[in-house]
Structures are given as structure tokens and as C-alpha cells.
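# Coordinate analysis (summary)
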Amino acid sequence: MQTTPVILSGGAGTRLWPLSRSASPKQLLRLLGAETLIQSTARRAGPESGFAAPLIVAGEAHLAQIEAQLAEIGVSPRAIVLEPAGRNTAPAVALAALMLAEDELMLVMPSDHIINDVEAFRAAIARAQPLAADGWLVTFGITPDRPETGYGYIETAERVAEGVQRVARFVEKPPIETARAYLETGRFYWNAGIFLLRAGSFLAELRRHAPGIEAAARQSVANAAADGTTLRPDRAHFLASPSDSIDYAVMEKADRVAVVPVEMGWSDVGAFDTLLKWLPHDENGNATGGDVIALDTTNCLIRSEGPLVAAIGVSNLTIIATGDAILVVSNDRSQDVKRIVDALKIDGRHNMS
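Everything in this summary refers to the structure shown in the same document. (Residues numbered from 1 in each chain as written. Predicted model: local features only at pLDDT ≥ 70, side-chain atom pairs only at ≥ 80, totals over all residues. Heavy atoms only, no water.)

One finds L107, F140, I194, L196, M264 and W266 to be the most contacted residues of the largest nonpolar core, which totals 47 residues. The element best represented in this core is helix α4 (residues 118-133), accounting for seven residues. In this structure, I194 is in contact with L107, V108, M109, P110, H113, I115, V138, T139, F140, M264 and W266, ignoring residues within four places of it in sequence. Membership of the second largest hydrophobic core comes to 40 residues, among which are V6, A90, V108 and L197. (Core = buried A, V, L, I, M, F, W, Y, C linked by side-chain atoms within 4.5 Å. Buried < 20%, exposed > 50% of the residue type's maximum accessible area, 1.4 Å probe, protein only. Helix = DSSP H or I, 4+ residues; strand = E, 2+ residues; numbered from the N terminus. Contact = heavy atoms within 4.5 Å.)

Before going further, it helps to examine a nonpolar patch on the surface. On the surface, a cluster of nonpolar side chains totalling about 390 Å² of accessible area is made up of I293, L295, L308 and I312. Mapped onto the secondary structure, L308 falls in the loop between β16 (301-304) and β17 (309-312). (Patch = residues over 30% accessible without salt bridge, like charges linked within 9 Å, V, L, I, M, F, W, Y side chains within 5 Å. Areas by Shrake-Rupley, 256 points an atom, 1.4 Å probe, with all protein chains shown as cover. Salt bridge = Lys/Arg side-chain N within 4 Å of Asp/Glu carboxyl O.)

Attention now moves to the packing of aromatic side chains. For the coordinates displayed, the defined rule picks out four aromatic pairs. Ring plane angle 10 degrees and centroid distance 3.9 Å describe the contact between Y182 and F188, whose orientation is recorded as stacked. Residue Y182 shares its accessibility class with F188, and that shared class is buried. Put simply, the rings of Y151, W190 and W266 pair up and form one aromatic cluster. (Phe/Tyr/Trp six-rings, centres within 6.5 Å; stacked < 30°, edge-to-face > 60°.)

What follows concerns unusual backbone geometry. In this model, W17 is joined to P18 through a cis peptide bond whose omega is 10 degrees. As for its position among the elements, P18 is in the loop between β1 (3-9) and α1 (37-44). Of note in this structure, D296 is not a glycine but carries a positive phi near 50 degrees. According to the relative accessible area criterion, D296 is exposed, its value standing at 69%. A positive phi angle is found at N316, which is not glycine, with a value near 55 degrees. For N316, the position within the fold is in the loop between β17 and β18 (317-321).

With that settled, consider the sheet that holds β16. Ordered in space as β14-β16-β18-β19, the four strands form an open sheet in which the pairing is mixed. Edge strands, defined here as strands with exactly one partner in the open sheet, are β14 (287-289) and β19 (326-330). Between one strand axis and the next, the sheet turns by 5 degrees as a mean value, whatever way the strands run. (Pairing = 2+ DSSP bridges. Axes fitted to C-alpha atoms, helices over the stretch in contact; angles between N-to-C directions.)

Below, the discussion takes up the environment of E172. Considering the arrangement of structural elements, one finds E172 in the loop between β8 (164-171) and α5 (176-185). E172 gets classed as partly exposed once you look at its relative accessible area, which sits at 46%. Between the C-alpha atoms of E172 and G152, which are 20 residues apart in sequence, the distance is 4.7 Å. Sequence-distant contacts of E172, that is, excluding residues within four places in its chain, are made with G152, Y248 and E252.

Mapping T139 onto the fold places it in strand β6 (residues 137-142). For T139, a relative accessible area of 0% gives the class buried. Polar contacts involving the side chain of T139 include one to the main-chain carbonyl oxygen of I194, which spans 3.2 Å. T139 has contacts with I154, V167, F170, N191, I194, F195, M251, A258, V259 and V260, leaving out every residue within four places of it along the chain. (Polar contact = N/O pair within 3.5 Å; in protein donor to acceptor, adjacent residues only side chain to side chain.)

Right, here's the structure in full:
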């Protein structure tokens, strides 16, 4: 059963500033090796593995970079749909669904995830395909290995097929004691934000639970301008859409929602503490890149895209140097880097954000 990958590439990656900027966000960067994050995402669901050509949902500003990066790995997209503005994931997925026949399956994936066990990923999709074809909305749950407070959780109910369970509820990022209790039950999984959906079933649920989003997306696509494989939905109609995530707009409200638990070496690349975890380390726990000297330094992420960065006697820091900015942040405050981007915008320095 062939499935169309839908790759969402609209994120800004503000927690990875100054590497990630609005003009070149994290999914277009080579943060973990030779490939960019969007290249790795496209490759893991490539045609050689039985998937159809991908459909990309992105912003106009990134079109040229996305086209070049996909061509670099030999991927020809079915279409690149350019969002007129950011309206969160539910409208973005709606645009993609309207490009497909109602009985087609779409694998919705963010473009900024790490998945180390690609075979486990593909096996989980294969388990989900029969249910998705039958109209179930299927998500994927990551087996938790710690009481993580930075992820949403999925509570499971009864088994509905081999390796597939009904979703009892979605839970927002919990406090630490609640997260520990979740792990003890064995019923909770991290919400990976990856979905396998029949296009017609998703649109029907969207009409039921968020009709304003469905109507705006439909009118936007109906009045779109096409240029080869590039589609520009109508701006005025799209701006009429409410802004909401696919989780809130549909998944938490629909009746036939299932989850496939999977262990596949997954993480989202949300902040520098994630990069420090996944990058190669030296004997002192440091991950370095570029022109760096680190003496008596432990558990640091130090990366330079220009000047020499020298560190002595420091621990648990992230130090990032680019051509026009230097960031120094405690590793346990990496989630707060987005506050720098907010401050730059308030100061009117949008070219640096």
C-alpha cells in the first residue's frame, strides 16, 4: 500500500539561534552530519522503500533551499505547497490533504526529527496502514525511557490490531511527578507528532471539529496559483483560517484514533541540549565543531562557524559563534534561547532573528 509522505517544513527553530534563523531554519541546516534534517526526513520515507514522492508544506522564503536540498539527494517532490502565512499544523496538513485523492494515505512528518532506527520506523508504518486505510487516524507513540517533562504523552486503551492500540487520551507536557507516574503504568507513550491518515478521513474529521480551518484551506487551494510542482494557495482565504495544531483541532476530538508504540531512536531537535545528547562527544563529554579549543572543560556544546572559540574551566554550557553573533547559555536553560529571538524582534533587529 503506497503512502505519500507529507513533510511539514514551516518551523522557525528559535531555540537553536543563532544557527537557526528565519531565513534558514533548523530543518535546512546540517546540524548532525552531512545531511540536513529535511534531507534525512525525506530519505527515510523514500521511493526505494515503497513510498510515493513526498509533498512538502513550507514557506515561500525557503523554496529555493528546499528544492536544492531535495535535488542533492535525488528526491523529486510531488508538490511543494507554500503556506501564505504560518497557521500551525492543522491548516498545513489540510492543504496537503486537499492535494490528494480521498482514499490516499498520507504520512505526516515534521522535518526536524531524529530517527536512528529507520527499519523500526518503517515497520510501524506498515502496522498502521490497514487501520489508516479503514479510516482510523493513526499516530505513533515513542516508548519512554525517562520521565520527560518536555513532551506530550499518549495514554493507550484496548488493542485494536497487532501492535496497535486505541488512544484513550492525549496529555500535555506534565510535571515531573506526573511523568514518573505515567512511566510506572506502562500505558503512556511520548507523542512523536507523526501521523498516518487517509486524506478523506482527516478532512471529514476536520470539517466536523474545526470547520473554519477546513473551509479556509479548501477555498485557498481552490483559488491557488500553480507553477509546475509549486502551489501557492490563495493568501486571503488562508489567512481566514484559525491557527491550531492537528492535535488540538482533530486528534484529541476524533473517535477512531489509534497509536502504534515504537522504539526507533527518536527525538525532536528542539534545542541545544538535544544536539549535545546526539552529537559525538570527547572523553570529557564535550561536542565541538569548527575552530574550537576546550581545556579543562566538561559537558559543553561548542560550535564555531567563524572565529576561534577557546574555553577554559567551564562546564555545562552551550557556546555558539557565527559570523555576527555569539550565544552563551547554560545547558539547563537551552529552552530559553527563544527569548533572545523575541528580544531581537522587539529591538527591530529582524535581520538577525
